[in-house]
Amino acid sequence: MAPATDQTPSQASKRVSVKTLVESPGLTSIPSNYSYSLNPNESAGSEPDETIPTIDFSLLTSGDPHQRSKIIQDLDRACREWGFFMLVNHGVSKSLMKEVLDGCNQFFNLPMEEKMEYEGKDIWKPIRFGTGVDVKVEKFFFWRDFLKVYVHPQFNFPNKPQGFSEVAQEYSKRTREVIKELLKGVSESLGFEQSYIDKAMNLESGLQIFAANLYPICPQPELAMGIPAHTDHGLLTLLIENEIGGLQIQQNGTWFNVNPLPNSFLVNTGDHLEILSNGRYKSIKHRAVVNNKATRISIAVPLGPSLDTMVSPAPELLEGESGRPVAYLPMKYKDYMDRQLEGKPCLDHVRLPVA
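The shown structure was predicted, so the numbers you read here are calculated from the model rather than taken from an experiment.

Student: Which parts of the structure should I look at to understand the sheet that holds strand β11 (residues 286-288)?
Tutor: Neighbouring strands of a sheet are bound in pairs by backbone hydrogen bonds; such pairs are parallel or else antiparallel. Pairing is antiparallel in the open sheet, where 4 strands are placed in the order β6-β11-β8-β9. Only two strands of the sheet have a single neighbouring strand rather than two, namely β6 (227-230) and β9 (254-257). The average angle at which neighbouring strand axes cross in this sheet is 20 degrees, direction not considered. Two elements, strand β8 (residues 247-251) and β11, share 3 bridges in a ladder whose sense is antiparallel. Each bridged residue has a counterpart across the sheet, and for Gln248 the counterpart in β11 is Arg287.

Student: What is the right way to look at unusual backbone geometry in this model?
Tutor: Across the chain, the bulk of peptide bonds are trans and the bulk of non-glycine residues have phi less than zero. Each neighbour pair has its own omega, and for His152 with Pro153 the value is 10 degrees, a cis peptide bond. Assignment of secondary structure puts Pro153 in the loop between β4 (145-152) and α7 (164-189). Residue Lys160 is joined to Pro161 through a cis peptide bond whose omega torsion reads -5 degrees. A positive phi angle, near 50 degrees, is found at Asn89, a position not held by glycine.

Student: Sorry if this is basic, but what is going on with the packing of aromatic side chains here?
Tutor: The relation between two aromatic rings is expressed through the spacing of the ring centres and the mutual angle of the planes. Within this structure, the stated rule accounts for 14 aromatic pairs. A ring pair is formed by Trp82 and Phe256, whose centres lie 6.5 Å apart and whose planes are at 45 degrees; its orientation type is tilted. A residue pair is termed long-range when its members are at least 10 positions apart, and Trp82 in helix α4 (residues 65-82) and Phe256 in strand β9 qualify at 174 residues. The pair Trp82 / Phe256 is uniform in exposure class, with both members buried. Taking the centre distance of 5.7 Å and the plane angle of 75 degrees together, the rings of Phe107 and Phe108 count as edge-to-face. Phe108 shares its class with Phe107; the two are buried. Through a chain of ring-to-ring contacts, the aromatic side chains of Phe155, Phe157, Phe164, Tyr171, Phe210 and Phe265 assemble into a single cluster.

Student: Help me understand the pairing of β8 in this model?
Tutor: Taken residue by residue, a regular strand's side chains alternate between the two faces of the sheet. For β8, a buried count of 4 out of 5 residues is recorded, marking the element as mostly surrounded by other parts of the structure. Across 4 bridges, β8 lies against β9 in antiparallel orientation. Bridging across to β9, Ile249 finds its partner in Phe256. The antiparallel hairpin formed by β8 and β9 contains 2 residues in its connecting segment, where Asn252 sits at a positive phi of about 55 degrees.

Student: Hey, could you run me through the environment of Ala168 in this one?
Tutor: Position of Ala168 among the secondary structure elements: in helix α7. Residue classification places Ala168 among the buried positions, given a relative accessible area of 0%. Taking the C-alpha atoms as reference points, Ala168 and Met97, 71 residues apart in sequence, are found 9.7 Å from one another. If we ignore the near neighbours within four places in the chain, the residues touching Ala168 are Val100, Phe155, Phe157 and Phe210.

Student: Hey, could you run me through the sheet that holds strand β1 (residues 54-56) in this one?
Tutor: Reading across from one edge, β1-β2-β10-β7-β12-β5-β4-β3 is the order of the 8 strands in this open sheet, with mixed pairing throughout. Both outer strands of the open sheet, β1 and β3 (127-131), are each paired with one neighbouring strand and no more. When strand polarity is set aside, the average angle formed by the axes of neighbouring strands in this sheet is 25 degrees. Alignment of β1 against strand β2 (residues 84-88), held across 3 bridges, turns out to be parallel. Its bridge partner lying in β2, Ile55 is registered against Leu87.

The rules behind these values
Residues numbered from 1 in each chain as written. Predicted model: local features only at pLDDT ≥ 70, side-chain atom pairs only at ≥ 80, totals over all residues. Heavy atoms only, no water. Pairing = 2+ DSSP bridges. Helix = DSSP H or I, 4+ residues; strand = E, 2+ residues; numbered from the N terminus. Axes fitted to C-alpha atoms, helices over the stretch in contact; angles between N-to-C directions. Phe/Tyr/Trp six-rings, centres within 6.5 Å; stacked < 30°, edge-to-face > 60°. Buried < 20%, exposed > 50% of the residue type's maximum accessible area, 1.4 Å probe, protein only. Contact = heavy atoms within 4.5 Å.

The structure is reproduced here in structure tokens:
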């Protein structure tokens, strides 16, 4: 357990942003309610033995049938064996990626009272600033502050700092286009026509979230955790960061550090792609660790079905000699999110036991 700081007990337990805590004078250790102990089945991250898959987006959109066929095979392998890949040549400009990261940094640097306009416990609030997760389910606080915004089917965003909303709207639009194009390839990798997932998941009204995370310098990084191990709801998530590492993924029970290529997107499969594929593709566990040298900023943009969509394994994957027994119960996407955001392991709830 971390030693106490110079704060009084009431100050230590008071809900403050991590950025505010770090900027308090004389902070040399973390408050006890931020202390996180690894579970026995968790381990520190290491470097992967083999190269994390890289997908060249330009080959997916080149119009060359041979190249497209090859990259769809690569997509299938990445989603099946890793649940994670780096996406290069995706067409989103380096300048836009930098602008949106800069905008996040400026937002987190706003005066606390301006950020607190968006503070709230309602998980369906369209714009929400906070630290950790819902206090009702927390056992400890995460070493991060966050901005979480619902940006599709309706676009919401803070009006400060100036110009950030416009940059974020363009970034959300471009990342949504990238994910939808990737899902065309994923549809084909599952044996469907390109538009299968788009239509089945009603992506025209799909829920897209803009989730920015600030991980300040931590005086005791070995005792704290940015975000513990979790999977994402939705179909695919795109993530960028400010060149400060911290993302770790789990493969075959081992945690690996992720060292992204310059200007790439980090892409992970979500719970609803696992459900739709009837377990062919796995929703990957990942976590964020912190450091004592530099502040990390990451932006995760997941895209999921429309909230009214009932998600279940694709019927076509349950038929014929190659079909598998149904492995997941159907559940409406909004109900799934309600359960997950309450801290319940929803994927385990809908996964059926193997006969």
